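# Remarks on the overall topology
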Amino acid sequence: LELAGGIEVSLERKLVGQIVARLEAKNLDIVAIELRRLDTDTLARHYEEAENWAKAALNYADASDKAKNRYANTSAVEFCSSALNCLDKVTSFEAETQRSLLTRLLESRGQIRSLLGDNRGAADDFRALRKLAEAAGDRSAEASSFNRSAPSEIYAGVHAHALDDALQALTIARQINDKAA
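Right, let's walk through the structure included here. In this text, all values refer to a predicted model and were calculated from it rather than measured experimentally. Residue positions are counted from 1 within each chain, in the order its sequence is given. Restriction of local features to residues with pLDDT of at least 70 applies here, the model being predicted, together with a cutoff of 80 or more for giving and counting side-chain atom pairs; totals for whole chains, interfaces and linings are based on all residues. With hydrogens and water excluded, all non-hydrogen atoms of the structure serve as input to the side-chain values.

### What to know about the packing of helix H4 (residues 53-69) against helix H5 (residues 73-87)
The relative placement of two packed helices comes down to the angle between their axes together with the axis-to-axis distance. Quick note on the threshold: Working convention: axes come from line fits to C-alpha atoms, limited for helices to the stretch in contact. Angles between N-to-C directions cover 0 to 180 degrees. Secondary structure is summarised from DSSP: a helix means a run of H or I of at least four residues, a strand means a run of E of at least two, and numbering begins at the N terminus for each. Roughly parallel means an angle under 35 degrees; roughly antiparallel, over 145; roughly perpendicular, 65 to 115; everything else is oblique. Less than a right angle of anticlockwise turn of the near helix away from the far helix marks a crossing as left-handed, whereas a clockwise turn marks it as right-handed. Working rule for contacts: check all heavy atoms of both residues, and any pair within 4.5 Å makes them a contact. Amino acids are sorted into nonpolar (Ala, Val, Leu, Ile, Met, Phe, Trp, Tyr, Cys and Pro), charged (Asp, Glu, Lys and Arg) and polar (every other residue, Gly among them).
Contact geometry for H4 and H5: axes closest at 8 Å, N-to-C directions at 165°. It follows that H4 is roughly antiparallel to H5 by the angle criterion. Crossing of H4 against H5: the hand is left-handed. Contacts between H4 and H5 involve Trp 53, Ala 56, Ala 57, Tyr 60, Ala 61, Ala 63, Ser 64, Ala 67 and Lys 68 on the former and, on the latter, Asn 73, Ser 75, Ala 76, Phe 79, Cys 80, Ser 82, Ala 83, Cys 86 and Leu 87. Along the lines of polarity and charge, the residues of the contact of H4 with H5 split into 13 nonpolar, 4 polar and 1 charged.

Set out below in structure tokens:
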């Protein structure tokens, strides 16, 4: 596709993403703010074309939240998936920032998939969320992810897994309560 000026759309997106990144690097925030008024999904695509993976991931995550708030759930899942794809390529985030965004995206996509009736997809997201919680040693988040995946697995027809997950959630919750006592 070509624009009126003869520039291909993909090249334009890449250029806009590079321009915004350079303006921000030079602390020219006023101009960058004006460019940021573009829809977050449009801006995310620009950053993605410019291979600015961190900003693309963050903007796709924001686009997903906005779509979810408008009940545009299919778009929200697509934006979450795009954010996760970009996040896989990010090398500039600190480990905690990466984990926090990954948690946010997996939790959100899992919830939305569940609403859309994609229970296997939701269960997959909640399992990935559980592995992330396990790696971080966050027992509360681990119990929560077991608890979230159980209903998705029931609706997906995987009853044995659902029962195991519910029991694991209960076991971890008891362990947490025993330590607190």
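### A few points about the pattern of salt bridges
Heads up, the rule is: A pairing counts as a salt bridge when a side-chain nitrogen of Lys or Arg comes within 4 Å of a carboxyl oxygen of Asp or Glu. Throughout, exposure labels follow a simple rule: accessible area from a 1.4 Å probe, protein chains only, divided by the maximum for the residue type, with under 20% read as buried, over 50% as exposed, and the rest as partly exposed.
Scanning all chains against the criterion turns up 12 salt bridges. Across the pair Asp 118 and Arg 113 runs a salt bridge whose closest N-O atoms are separated by 3.6 Å. Looking at Asp 118, the relative accessible area reads 34%, which means it is partly exposed. Taking the relative accessible area as the measure of exposure, Arg 113 reaches 16% and is therefore buried. Asp 165 serves as the salt-bridge partner of Arg 130, at 3.8 Å between the closest nitrogen and oxygen. Taken together, the residues span a long stretch of sequence, with Arg 130 in helix H7 (residues 119-136) and Asp 165 in helix H9 (residues 159-180) at a distance of 35 residues.

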